[in-house]
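One-letter residues, chain by chain:
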2 protein chains.
Amino acid sequence: AYQRLTHDFFMPEKLREELQKKAEATLQVMPNSQLPTLDNFHTLVALDTSHQKSATVFGFPGWVYKATSSKNGKMYCLRRLEGYRLTNENAIRSVKDWRRVDNGSVVSVIDAFTTRAFGDSSLIFVTDYFPLSKTLVEHHSTSTNRFGNRVPAAVPEKVLWGYIVQIASAIKSVHAANLAVRCMDPSKVILTDKSRIRLGACSVLDVVQYDAQRPLAELQQEDFIHFGKLILAVGTNNFSPNIVLKNAVDQLGRTYTAELRDTVAWLLTPAQAPAVKSIDDFLSGISGHLVSTFDSSLHAIDSQTSELSRELENGRLLRLMAKLGAINERPEYEGDRNWSENGERYMLKLFRDYVFHQVDADGRPVLDLAHILRCLNKLDAGIDEKVCLTSRDEQTSFVVTYRELKKQVTAAFAELQKPAKGRY
Amino acid sequence: AYQRLTHDFFMPEKLREELQKKAEATLQVMPNSQLPTLDNFHTLVALDTSHQKSATVFGFPGWVYKATSSKNGKMYCLRRLEGYRLTNENAIRSVKDWRRVDNGSVVSVIDAFTTRAFGDSSLIFVTDYFPLSKTLVEHHSTSTNRFGNRVPAAVPEKVLWGYIVQIASAIKSVHAANLAVRCMDPSKVILTDKSRIRLGACSVLDVVQYDAQRPLAELQQEDFIHFGKLILAVGTNNFSPNIVLKNAVDQLGRTYTAELRDTVAWLLTPAQAPAVKSIDDFLSGISGHLVSTFDSSLHAIDSQTSELSRELENGRLLRLMAKLGAINERPEYEGDRNWSENGERYMLKLFRDYVFHQVDADGRPVLDLAHILRCLNKLDAGIDEKVCLTSRDEQTSFVVTYRELKKQVTAAFAELQKPAKGRY
Ligand SMILES: Nc1ncnc2c1ncn2[C@@H]1O[C@H](COP(=O)(O)OP(=O)(O)OP(=O)(O)O)[C@@H](O)[C@H]1O
Ligand SMILES: Nc1ncnc2c1ncn2[C@@H]1O[C@H](COP(=O)(O)OP(=O)(O)OP(=O)(O)O)[C@@H](O)[C@H]1O
Ligand SMILES: [Mg+2]
Ligand SMILES: [Mg+2]
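Right, let's walk through the structure included here. (Residues numbered from 1 in each chain as written. Chains lettered and ligands numbered in written order. Predicted model: local features only at pLDDT ≥ 70, side-chain atom pairs only at ≥ 80, totals over all residues. Heavy atoms only, no water.)

1. Some points on the overall build of chain A
On a plain count of helices and strands, chain A comes out with 14 helices and 12 strands. For chain A, whose C-alpha radius of gyration is 29 Å, the value lies well above the compact-globule estimate of 22 Å for 424 residues. In chain A, buried positions account for 48% of the 424 residues. As presented, chain A carries roughly 20,200 Å² of accessible surface, and 50% of it is formed by carbon and sulfur atoms. Positive and negative side-chain charges in chain A, numbering 53 and 50 respectively, have mean positions lying 2 Å apart. (Helix = DSSP H or I, 4+ residues; strand = E, 2+ residues; numbered from the N terminus. Rg over C-alpha atoms; globule rule 2.2 N^0.38 Å. Buried < 20%, exposed > 50% of the residue type's maximum accessible area, 1.4 Å probe, protein only. Areas by Shrake-Rupley, 256 points an atom, 1.4 Å probe, with all protein chains shown as cover. Lys, Arg positive; Asp, Glu negative; His and termini not counted. Charge placed at Lys NZ, Arg CZ, Asp CG, Glu CD.)

2. Concerning the coordination of the magnesium ion (ligand 3)
Bound to the magnesium ion (ligand 3) are the protein donor atoms Asp48 of chain A (OD) and Asp48 of chain A (OD), situated 2.3 to 2.6 Å from the metal. Positionally, Asp48 of chain A belongs in the loop between strand E1 (41-46) and strand E2 (62-69). (Donors = N, O, S within 2.8 Å, 3.2 Å for Na, K, Ca; no water.)

3. Quick look at the interface of chain A and chain B
Tallying the contact residues gives 87 residues for chain A and 86 residues for chain B. Across the pair Arg364 of chain B and Glu334 of chain A runs a salt bridge, and its minimum N-O distance is 3.1 Å. Counting every contact that joins chain A to chain B gives 29 residue pairs in polar contact (both at pLDDT 80 or more). Among the elements that take part in the side of chain A that touches chain B, helix H10 (residues 287-311) of chain A stands out by supplying 19 residues, more than any other. Among the residues forming the side of chain A that touches chain B, the class breakdown is 35 nonpolar, 25 polar and 27 charged. (Contact = heavy atoms within 4.5 Å. Salt bridge = Lys/Arg side-chain N within 4 Å of Asp/Glu carboxyl O. Polar contact = N/O pair within 3.5 Å; in protein donor to acceptor, adjacent residues only side chain to side chain. Nonpolar A, V, L, I, M, F, W, Y, C, P; charged D, E, K, R; others polar.)

4. Points about the site of ligand 1
All names here are of chain A. Within the structure, ligand 1 sits among 18 residues, and Arg79, Asp128, Ser133, Glu138 and Lys188 are positioned closest to it. Ser133 is positioned such that a nitrogen or oxygen atom in its backbone is 2.9 Å from an oxygen atom of ligand 1. Thr135 places a polar main-chain atom, nitrogen or oxygen, 3.4 Å from an oxygen atom of ligand 1. Relative to its unbound accessible surface of 620 Å², ligand 1 loses 89% to contact with the protein. Contributing elements (two or more residues each) for the shell around ligand 1: strand E3 (75-81), strand E5 (122-128) and strand E6 (134-135). Per-class residue counts for the shell around ligand 1 are 7 nonpolar, 5 polar and 6 charged. (Near = heavy atom within 4 Å.)

5. Focus on the pattern of salt bridges
This structure, assessed with the given rule, holds 58 salt bridges over all chains. Here Arg99 of chain A makes a salt bridge to Asp111 of chain A, at a shortest N to O gap of 3.5 Å. On the criterion of sequence distance, the pair formed by Arg99 of chain A in the loop between helix H2 (89-93) and strand E4 (109-115) and Asp111 of chain A in strand E4 is long-range, its members being 12 residues apart. By relative accessible area, Arg99 of chain A is classed as partly exposed at 28%. The residue Lys172 of chain B makes a salt bridge to Asp280 of chain B at a minimum N-O spacing of 2.8 Å. Separated by 108 residues along the polypeptide, Lys172 of chain B in helix H4 (residues 157-176) and Asp280 of chain B in helix H9 (residues 279-285) bring together distant segments of the chain.

6. Let's talk about the packing of helix H11 (residues 313-327) of chain A against helix H14 (residues 402-417) of chain A
Residues and elements named next belong to chain A. With their axes 10 Å apart at the nearest point, H11 and H14 run at an angle of 65 degrees to one another. When the axes of H11 and H14 are compared, the crossing they make is left-handed. Where H11 approaches H14, its residues Leu320, Lys323, Leu324, Ala326 and Ile327 are matched on the opposing element by Val409, Ala412, Phe413 and Leu416. Residues that form the contact of H11 with H14 fall into these classes: 8 nonpolar, no polar and 1 charged. (Axes fitted to C-alpha atoms, helices over the stretch in contact; angles between N-to-C directions. Left-handed = near helix turned anticlockwise from the far one by under 90°.)

7. Observations concerning the relation of the copies chain A and chain B
Superposing chain A onto chain B requires a rotation of 178 degrees together with a translation of 1.6 Å along the rotation axis, leaving an RMSD of 2.8 Å. The superposition operator between the copies reduces to a two-fold rotation axis. An overlap of 99% is found between the interface residues of chain A and their copies at the interface of chain B, pointing to a shared contact surface. (Least-squares fit on C-alpha atoms with pLDDT ≥ 70 in both.)

8. Some points on the environment of Ala168 of chain B
Residues and elements named next belong to chain B. When you line up the elements, Ala168 lands in helix H4. Residue classification places Ala168 among the buried residues on the basis of a relative accessible area of 0%. Ala168 sits 112 residues away from Asp280 along the chain, and the two C-alpha atoms are 9.0 Å apart. Ala168 has contacts with Phe227, Ile279, Phe282, Leu283 and Ile286, leaving out every residue within four places of it along the chain.

9. As for the sheet that holds strand E1 (residues 41-46) of chain B
All names here are of chain B. With respect to topology, 5 strands assemble into an open sheet ordered E1-E2-E3-E5-E4, the strand pairing being antiparallel. Strands at the two margins of the open sheet, each flanked by one partner only, are E1 and strand E4 (109-115). In this sheet, neighbouring strand axes are inclined to one another by 30 degrees on average, regardless of whether the strands run parallel or antiparallel. Pairing between strand E3 (residues 75-81) and strand E5 (residues 122-128): 6 bridges, direction antiparallel. Across the sheet, Arg80 pairs through a bridge with Ile124, a residue of E5. (Pairing = 2+ DSSP bridges.)

10. So, the environment of Phe398 of chain B
Residue and element names in this part refer to chain B. By the secondary structure assignment, Phe398 is in strand E12 (residues 397-401). Considering only alpha carbons, one finds Phe398 and Leu78, 320 residues apart in sequence, at a separation of 64 Å. Apart from the residues within four sequence positions on either side, Phe398 is in contact with Tyr346, Met347, Leu350, Val387, Cys388 and Leu389.

11. Here we look at the packing of aromatic side chains
Inspection of every chain in the model, using the stated rule, returns 24 aromatic pairs over all chains. Ring geometry for Phe41 of chain A against Tyr76 of chain A: centres 6.1 Å apart, planes inclined by 85 degrees, an arrangement best described as edge-to-face. With Phe41 of chain A in strand E1 and Tyr76 of chain A in strand E3, the pair connects residues that are 35 residues apart, well separated along the chain. For the pair shown, Phe41 of chain A and Tyr76 of chain A are each scored as buried. Positioned over the ring face of Phe9 of chain A is Lys158 of chain A, at 4.8 Å from the centre of the ring. Residue placement shows Arg80 of chain B over the ring face of Phe118 of chain B; its charged tip is 4.0 Å from the ring centre. (Phe/Tyr/Trp six-rings, centres within 6.5 Å; stacked < 30°, edge-to-face > 60°. Lys NZ or Arg CZ within 6 Å of the ring centre and 35° of its normal.)

12. Observations regarding helix H11 (residues 343-356) of chain B
Here H11 of chain B spans 21 Å end to end across 14 residues, near enough to the 20 Å set by a 1.5 Å rise per residue. H11 of chain B sits mainly inside the fold: 10 of its 14 residues count as buried. Taken residue by residue, H11 of chain B has Arg345, Met347, Leu348, Lys349, Leu350, Phe351, Arg352, Asp353, Val355 and Phe356 of chain B as its buried positions. Those residues of H11 of chain B hidden inside the fold are in contact with H11 of chain A together with helix H10 (287-327), helix H12 (369-381), strand E11 (386-390), E12 and helix H13 (402-417) of chain B. (Expected span 1.5 Å × (residues − 1).)

13. As for the site of ligand 2
Residue and element names in this part refer to chain B. Lining the immediate surroundings of ligand 2 are 18 residues, of which Arg79, Asp128, Ser133, Glu138 and Lys188 lie closest. Here Asp48 contributes a side-chain N or O atom positioned 3.1 Å from an oxygen atom of ligand 2. The contact in question runs from an oxygen atom of ligand 2 to an N or O atom on the backbone of Thr135, over 3.4 Å. For ligand 2, whose unbound accessible area comes to 620 Å², protein coverage reaches 89%. Residue assignment for the shell around ligand 2 shows that the elements contributing at least two residues are E3, E5 and strand E6 (134-135). Taken together, the residues that form the shell around ligand 2 break down as 7 nonpolar, 5 polar and 6 charged.

14. Some words on the pairing of strand E10 (residues 196-199) of chain A
All names here are of chain A. What you see with E10 is no split at all: Arg196 and Arg198 on one side and Ile197 and Leu199 on the other are buried throughout. Taken together, the 4 bridges between strand E9 (residues 189-193) and E10 define a ladder with antiparallel strand orientation. Bridge pairing in E10 links Ile190 to Arg198.

Dropping the structure here:
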C-alpha cells in the first residue's frame, strides 16, 4: 500500500497536548505575586525566569511578563526595560509606526509607555503574547545526550532554511513599512510553534537609541548583517557575541551545503557603496526554499483542517448540554416547582437519566463517555432512531425518537427564554 | 485603539459552517444508487452532476465519483473515463510515478485500474477526495448580479497571484519528480478551500496518450503554456477553448498590473531553442508574491490554531459536564438513594444550580452560555477563586473555592468508578 509522506514541518506531533499546555500556561497565575498592577494591565506573571539580568542587548536590564489587559481582557506580553528615563516624547511615539507591520514572522508591537509602578522609571513595550515560546538561544544552545551530558545539537538544514525564509519574510514587511528590524539577537527571536519563529523585540532600539537618529537606509543595510549573524549563531550552535565570522562561516560550510554557506556569507558581506542590498533580491535568490517552506505551510493547514473537523462537534454538544442543564432539575419556573418534571420536561428528565445514569445488570454505574457523546450527537442531529426511556420506579416506559426529544428540548428551552432576559 | 488587519486569504469567514457542510457532504449517500460496487470501492456517489458529457479534455467521456475504500474505509475520488480500452499494460503502470509527488497544490494520485463494472470498459483514476470542491470553471465562470443576471466577476489580483504561486509550486514538485502536468484545463483544477487550488487530473494524459511517447522535456516546456492559458482564462473570465491569446493578454493588461500581464505573456511565449524555461527561474521572478502568499498561509495557520484551541477547550468542558452529569441527580448508588445529595455531592448539586439555574432579581431564568462556560472553565482549572453556593431553601450558604469543587468532582467520580466497570 502507498504510504503518504508525513509533513510535520510546522505541526507538532502531539498537537493536542501542545495546545493544552499552552492553554494552561496562558491561564496560569502567581498566587502571591509582588508584581504591581499597571494602568491598563493586571495580573502580571514573569516569563523571564532565569534570574541573570544582562543589559547587553538594549543597554538596560530587561524583564518579560505576561499580563491581562484591563481594556479587553486579553493576554499580552510586556517587555520592561528597567531604569529607562524618557527624555524625548517623540522617542516613544516612533512605536506607532510598527502597527503598520502585520507579518506572521514578527511579534506584533501594540504599544509602549513609561511607568513608575515598579518603583523605578521603566519603559514598557506591549506585544502579542505567545504561550510557552522560547528564544532561539533557549531552544538551540544545548541539548542533553543520553549520558546526561549537554551537547550542541545540529539543526537540520531544512529547519535552517525554514528560519531563513521566515526572517526574510519578516524583513520584507519591516522594510516595506520604512522601518528596520535593528535587533535580531538570537535571544530576541522566539520560537512560538514547531519550526515557527518570530522577531520578538522590534521597535525597542527605535525608542532606546532614538537620539542617535541613524539613517533608515543604513539601518536596513545592517539588518542583512544581523540576519547573517543570527543564522550563523544557530547553525554553528555558538551564541557568543565574540564569534569570529570567517571561521564560523567555514564551520557552517562543513556541516551544511555550499548554498547555505554562501547565502550566509552574502548576508554578512556589506554591499559596495553606492550599491545597496535589497530584501527582494535576497528572496529571489532563495525562491526554491521559499516555495518548499510555503508548501510545508499548506500541508500544515491541511492537517490542522482535519484536526479541526474532528473537534468541531465539541462546541455543538457543549451548547446542547448547557441547554439540557438549564432545563433539567430547574427548582422552579414561573412559580411552578414541578416545571422541570411536567410535560415534555419529564421526558427530558428520563432522557437525562438514560444518558448519564446508566447502570449495568448488577446496578453498577456505567461510566462510558462514548455512550454520552453518542446520545448527545443523536439528539443534536434529531434522527429518527427510537430510544426507550424508563421511569425511575420502572413502572412506565416510553418509546420516543431523538427527533421528538430534540423538539422537546427546543420547546422547553424556548419557554425558559420566553420573555428573553438573556440569550444563548 | 489599534485595529489589527484581517487575514482571510486562506480562511473562510465562516470556518465552522464550512467544515460542517464538508463533513455532511462527505457522509452523504445516494439511497437508490444504480452505481456498481468495484473491487476495492463501494458506495459510489456521482460528483459530476452536470449531465453534459464532453470528451474534449481527455478524448473520453468522463465521470467523477466519491467512493469508500473497502481496504481502509476512507473516502476517495474516482475519475472514470468511459469506453477506454487498455492496449499496453505499461500505460497504466506509469501512474505509480505520481506517488512521488506530494504537494499541497496537487490532488494526490493514488492508483489507476480498468474495470468492466459499469458495463463498459472504463479506466478509473483514484485520487484524494476534497468534499465540496469546485472546478475553476464552476467557481469563476459567471456570477449573478442583484438583478438576477449572470455577469462575469473580476477575480481580485491578489487571488490571481495566489493561484499563480500555488500552480508554480505544484509544477516545481511535478517537474522535480521527472513528470509533466500536461493537463491544466480550468475544468480540471479544483478549488478545495478558500483561495486554495489543486491540480486535479494529473497522470490521466500519461495513461491515455501513453502511446505517443512524447519526450518529457517537451511536455514540461508545454506546461508553461498551459499555465499561462489557465491564468489567462481565469483573469479574463473566458473559458472558451478558442480564445485569441494576444487579445486576451491585452485584455488582462487593462484589468491588472503590467507585472501580471507580463508574467502571463512570459508563460505563453515558448523559449527559443536551445534555451529552455525552468520553473526555478519563474519562481525566482515571482518571489515577492511567493513570500506574501507564504505569509498569508502563516496567518491562516495562526487563526486555525486559535480555533483549534477553542474547540479543544470545548472538548475538555464537555468531558467535565459529562462527569457532573453522571454525579448530579443519580437516582441511587450502592443502594443509597440519597448518594447524590450527601457529602461532597450536595455541594456539587448546589454548584450545578449555580451554573445552570441562575435567576435574575425577578426570578426569571438567566440563560447565559458565557456564564456556564466561565464557571466550567474555572472548575476545570481548579483555581483559587471563591464561589458562594446557596441551598434551594435559601437557608444555608457555603463559600468554596473552585479548587475544592474540582477535588469533589474528582472524588465523587472516582467513587462511581470504584469497581471500574467502564472508563472515561
Ligand atoms: N511575545 C512573547 N510571548 C511570550 N513569551 C515571550 C515573548 N517574548 C519573549 N518571551 C519569552 O520570555 C522569556 C525571556 O525573554 P528575553 O527576551 O528576556 O530573553 P532572555 O533570554 O532572558 O534575554 P536577556 O538576557 O536579554 O533578558 C523567553 O523565554 C521568551 O521565550
Ligand atoms: N478530487 C476531487 N475531490 C472532490 N471533488 C472533485 C475532485 N475532482 C473533481 N471533483 C469535482 O467533480 C466535479 C466534476 O469534475 P470534472 O473534472 O468532471 O469537471 P467538469 O467540469 O464536469 O468537466 P468535464 O466536462 O470535462 O467532465 C466538479 O464539481 C469537481 O469539483
Ligand atoms: Mg530576559
Ligand atoms: Mg465532468
